[in-house]
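Now for the letters of each chain:
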Amino acid sequence: MTNLDSFKIVKHDIVPQNNVKILGLNLYSELKFDTHTSKLCQKAGNQINVLARLCNVLDEPSKFLLYNSFIECYFNYCSVVWHFSSKCNTYKIEKLQEKALRFIKLDFNSSYKLLLENCNKHPLYVVRIRKFMEAVYKISHDKY
């Protein structure tokens, strides 16, 4: 953390901190998103474990509905902010999506690329780049 002194706004003391959680996004003074990604992976992983327990009970459309509603949202929330985190973080998130899609399709042998094609999905880093480019377009064309 940088050595900033606290300062006052009106009658409130503002003290610099190493990390702050804002609307579910963990921001750190170094702008590393390792802790945020770990928490994201933990939450999504818990939901994937539920999906795994139900994978032989539910039909495929129901499993996709659960994935889209309760798992994929973790991967997309505020992704424009944390998209440029480390390759290690990107790998962790992609592995979680792969795990979820394997339980949905009950396909534990195909490559991740083939699994994505069969599920009509894209790698999560591609989805994040699209969201980033959409945000840039909206900002540059006053659409926000």
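To keep things clear, this report deals only with the structure shown in the data block. (Residues numbered from 1 in each chain as written. Predicted model: local features only at pLDDT ≥ 70, side-chain atom pairs only at ≥ 80, totals over all residues. Heavy atoms only, no water.)

### Here's the deal with the nonpolar core
Looking at soluble globular proteins, one finds that nonpolar side chains tend to be buried together.
And then number 1: In terms of nonpolar packing, the biggest core is built from 24 residues, with Tyr67, Ile71, Phe75, Ile93 and Leu101 touching the most fellow members.
And then number 2: Mapped onto this core, the elements with two or more residues apiece are helix H1 (34–54), helix H2 (60–76), helix H4 (87–105) and helix H5 (112–119).
And then number 3: No other element matches the six residues that H4 contributes to this core.
And then number 4: Aside from chain neighbours lying at most four places away, what touches Leu101 is Phe64, Tyr67, Leu115, Leu116, Cys119 and Lys121. (Core = buried A, V, L, I, M, F, W, Y, C linked by side-chain atoms within 4.5 Å. Buried < 20%, exposed > 50% of the residue type's maximum accessible area, 1.4 Å probe, protein only. Helix = DSSP H or I, 4+ residues; strand = E, 2+ residues; numbered from the N terminus. Contact = heavy atoms within 4.5 Å.)

### A short note on H5
And then number 1: Within H5, the full set of buried residues consists of Tyr112, Leu115, Leu116 and Cys119. Angularly, the buried residues of H5 cover 100° about the axis, an arc narrow enough to put them on a single face. Of the residues in H5, the exposed ones pointing more than 90 degrees away from the buried face are Lys113 and Glu117.
And then number 2: Of the surrounding secondary structure, the elements contacted by the buried residues of H5 are H2 and H4. (Arc of directions from axis to C-beta.)

### Observations concerning the environment of Ser38
And then number 1: Take Ser38: it is sitting in helix H1.
And then number 2: A relative accessible area of 37% means that Ser38 is categorised as partly exposed.
And then number 3: Linking Ser38 and Ile104, residues 66 residues apart in sequence, is a C-alpha distance of 23 Å.

### A short note on unusual backbone geometry
And then number 1: Phi angles above zero are rare outside glycine, and Val10 is one such case at about 55°.
And then number 2: The topology assignment puts Val10 in the loop between strand S1 (7–9) and strand S2 (12–14).
And then number 3: Of note in this structure, Asp142 is not a glycine but carries a positive phi near 50°.
And then number 4: By the secondary structure assignment, Asp142 is in the segment after helix H6 (124–140).
And then number 5: Overall, Asp142 belongs to the exposed group, its relative accessible area being 72%.

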